[in-house]
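Now for the letters of each chain:
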Amino acid sequence: MLLPVLLHAELLIESVAWQTAAPARGRKPVYADADAVTAAAPRLRELVRVLVRLKNRGPKAVDGVLLRYAISAELAPLDGAREGAWAVPYMVDARRVPKIGPNKILDVPVDPSRSLEVPLAAYLQRVYRSGFWPRRLRVQVMLSPHRGQVDEIRTHESVLEVSQ
């Protein structure tokens, strides 16, 4: 007796990468993958974002995908007297992706400067005024569990060095 093969989505996060771009007035920024960003406290010299690459390996389109993510910083005193420590996430949010076609890859940008609650620039100024500065930024991303779309719950993360 042959058992029918269930056709279900095989949606996964293929990669999570930080990207930077030089600010350019009146022009769309050109982002490239980066391991580090330069800073002139209390600001970053470059624009930053996270690019999440989703892959649908299944034979059917996937609708209503929800990416959940958190961004946190490893904070160290401005005077450099002590080592840094990871703070709790300053930004926890979600991004909806309406549809991913069968056997398709989709890049989803996540811009921490566009947060409605705490934009990255406001967070950096607040941290600087309190006598600290981030040494690294970390993003953690996962696909929100949804029956028939996500086979397992996995959290992906990427770290961006902040250099002065």
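Residues numbered from 1 in each chain as written. Predicted model: local features only at pLDDT ≥ 70, side-chain atom pairs only at ≥ 80, totals over all residues. Heavy atoms only, no water.

**What to know about the nonpolar core**
Judged by nonpolar contacts, the single largest core of 36 residues is most densely connected at Leu 44, Val 52 and Leu 54. At 7 residues, strand β6 (residues 62-77) tops the list of elements feeding residues into this core. Here Leu 44 is in contact with Val 37, Thr 38, Ala 39, Leu 120, Leu 124, Trp 133 and Val 162, once residues within four sequence places are set aside. (Core = buried A, V, L, I, M, F, W, Y, C linked by side-chain atoms within 4.5 Å. Buried < 20%, exposed > 50% of the residue type's maximum accessible area, 1.4 Å probe, protein only. Helix = DSSP H or I, 4+ residues; strand = E, 2+ residues; numbered from the N terminus. Contact = heavy atoms within 4.5 Å.)

**Let's talk about the sheet that holds strand β2 (residues 32-33)**
The 4 strands lie next to each other as β2-β1-β5-β9, forming an open sheet whose pairing is antiparallel. The sheet terminates laterally at β2 and β9 (104-110), the two strands that pair on one side only. Sheet topology places strand β1 (residues 11-21) next to β2; 2 bridges connect them, and they run antiparallel. In the strand pairing of β2, Thr 20 is matched with Ala 32. (Pairing = 2+ DSSP bridges.)

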